[in-house]
Amino acid sequence: MALIFLCSHIVLATPLHDRVSSLPVWQSLIHSSSGEPQLGDPTFLLSVSNFSASHELKMTLKLIESDVDSAYCRFPARTVFLKHVLQLDIPKLDASLPACPELEKYIQHVPFEQLELVFASEIFSSATSMMGHIFLKADGKNFRNTKVSHSLAYFTEITTLNPAKLISESLITGMSGFFTVRPFSKDIEQYLEKEKRNLWQFRLRGSDFHKRLLQLHLWELKGAKLTYYFQSYNCATLTLELISILEPKVMEEQKLFVSPVDVVKAVIKHDLVEQTEVMASPKWLLNSIEGALSKDELDSIKPWLNDQETSDLNSLTSLSQQYLSLAIPDSYTENGGMRNFNIDLSDYKHPANTPQDSAIGFSVFKSKSDRVLGFNFLSSGHYLYGDNRQYLYESELVLGKVSGSLSIDSNDIDIQEATIYSVKNLTPTSQFNPSWSSEFYFGLRPSYTDELKFKSLAELSFGLGKSKKLHRDILGYLHVVGGLTSNIKNQEWFTQIKSGVVLNLINDSKLTSELRWGTGKWSKSRSMFEIETILSWFPSTDKSVSAISRFSKNSEKRYHSLGIEYNHYF
């Protein structure tokens, strides 16, 4: 096919060439970040052996000039973008579709009339979804004039249960990444029905031209070798890059670690959200309503449960009836209960209102024998004593935490903690929603010696138990924990019983307290009793101040320290 460039000497001139190659949309189309390629695959990049945005532009223009059909079939988004921005005199590109039957089929079957960002809430049973999952959804009418919805998602598959191998692959060597286009109904079945997760849907603004660019760009990713890194190139990283085709300013939110919630915050911050809808799982709704019921409402439900034939459903509040419709749907329907409740969850426990995922903290502790200054850095996650009001359950997730200390009295400097992965899930159990709570730890953290000195040990441990709501704002839990510790020379198996309570208080404050009793973690050490109590105050979403009390004793000694810690989330 003949191709004519108008004023070709201007197109290839250096000033114009440099200006186009530095455009944010071009950078997004080739996935360039700080001058480095995010996708180093020769099927995706023409200049992979000598990459630069400028070099990639030159080679793409050369391909378009030599064979526009081949260029459009392989890089349709780039071709359309360069035609638009350089005003290239290219015949109607749609005429190239017969030469690209697979591309034509994709365009006909996956319309982009409406685009949504979808956030699937966090789930602790999946190592790759502990912070939720984020993906795009495209809606519209296909070539048969049938309305269809497709999910556009990037993910990885875990193929090992070995913690060391999993951490090495996900953080260092990378794992195979997959970008899929599939009917959205499969995600409803997977996330909403099987995994009992909520699906938040944020309808995105964007011009028809930029939506078309995004549609065609997803085709360009077909067949590209993608490498998934948990901390640097995960589902959130790639999704943020894709959205930047609609609005380049969202890349300003690319930070040390991009989480699914960060993408939600980015589109809201840059005014890309037109409308928000929530598809809530029955389990999530049940827990949400149960937490909102007053004591009087809970008391009014009990007689109906004991004697369904004589109790009058109409005497119950609307909220109580909603609860029963989810807890025992068959019996509720048989007794003529009201249906079709209208529940607006668009502002309830919103993911965009959670604190940021990374944190830096400073602390000072004082005991009878020492004064210690502390420093900690959290790569990603949140603390149990942090502000978790926007999560459905109380929980803790620590991914990559390092902390150190300086003794004011002895000038000793120590690395106290190097946590690789730690999680505590306090899902409350109830009559209609029986659940287990659990915890897991892998890393290095301080433990008391027989002399009640804090020294670090490598630890791998797991705990299982029950959590229960004692009041709307009070959660209690009991865990049995077992594990293995090591200081290279010696290894020690240990067991513990943990009992704790979490109280959400007035004035943006929170109290957590945990009692631990069990065998010592150091080789041949005595049994240990510990209590840690933390009172936290949240002056803003991304700041917390905590007063911490630690007490421990064994058959010979006892130890007590008081401290204060400040954390800034970013």
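Notes on the structure follow. These numbers come from a predicted model, not from an experiment.

The next thing to look at is the nonpolar core. Judged by nonpolar contacts, the single largest core of 80 residues is most densely connected at L82, F112, L117, F179, L214 and L218. Looking at this core, the element that brings in the most residues is helix α11 (residues 235-243), giving six residues. In contact with L117, not counting residues within four places along its chain, are I134, F135, L136, W200, Q201, F202, L204, T239, I243, V263, V264 and V267. In this structure, I289, I301, W304 and L316 belong to the second largest nonpolar core, which totals twelve residues.

Let's shift gears to the packing of helix α13 (residues 282-292) against helix α15 (residues 318-327). Relative orientation of the contacting elements α13 and α15 amounts to 145 degrees, with a least axis distance of 9 Å. Note on packing geometry: the crossing formed by α13 with α15 is left-handed. Of the residues in α15, those in contact with P282, L285, L286, I289, E290 and A292 of α13 are L319, Q322, Y323, L326 and A327. For the contact of α13 with α15, the per-class residue count stands at nine nonpolar, one polar and one charged.

Our focus in this paragraph is the environment of L192. Relative to the assigned elements, L192 resides in helix α9 (residues 184-194). Under the relative-accessibility criterion, L192 is labelled buried at 12%. Separated by 174 residues in the primary sequence, L192 and K366 have C-alpha atoms spaced 48 Å apart. With residues up to four places along the chain from it excluded, the contact list for L192 reads D187, R197, M279, A280 and S281.

This part is about the state of the cysteines. Taken as a whole, this structure holds one disulfide when the rule is applied. What pairs with C73 in a disulfide is C100, and their sulfur atoms sit 1.5 Å apart. Between C73 and C100, the disulfide has an S-S torsion of -70 degrees and is therefore left-handed. In this pair, C73 sits in helix α5 (residues 68-74) while C100 sits in the loop between α6 (76-86) and α7 (101-109), placing the two residues 27 residues apart along the sequence. A relative accessible area of 21% means that C73 is categorised as partly exposed. Relative accessible area serves as the criterion here: at 4%, C100 is assigned to the buried category.

Cut-offs used in this document
Residues numbered from 1 in each chain as written. Predicted model: local features only at pLDDT ≥ 70, side-chain atom pairs only at ≥ 80, totals over all residues. Heavy atoms only, no water. Core = buried A, V, L, I, M, F, W, Y, C linked by side-chain atoms within 4.5 Å. Buried < 20%, exposed > 50% of the residue type's maximum accessible area, 1.4 Å probe, protein only. Helix = DSSP H or I, 4+ residues; strand = E, 2+ residues; numbered from the N terminus. Contact = heavy atoms within 4.5 Å. Axes fitted to C-alpha atoms, helices over the stretch in contact; angles between N-to-C directions. Left-handed = near helix turned anticlockwise from the far one by under 90°. Nonpolar A, V, L, I, M, F, W, Y, C, P; charged D, E, K, R; others polar. Disulfide = S-S within 2.5 Å.

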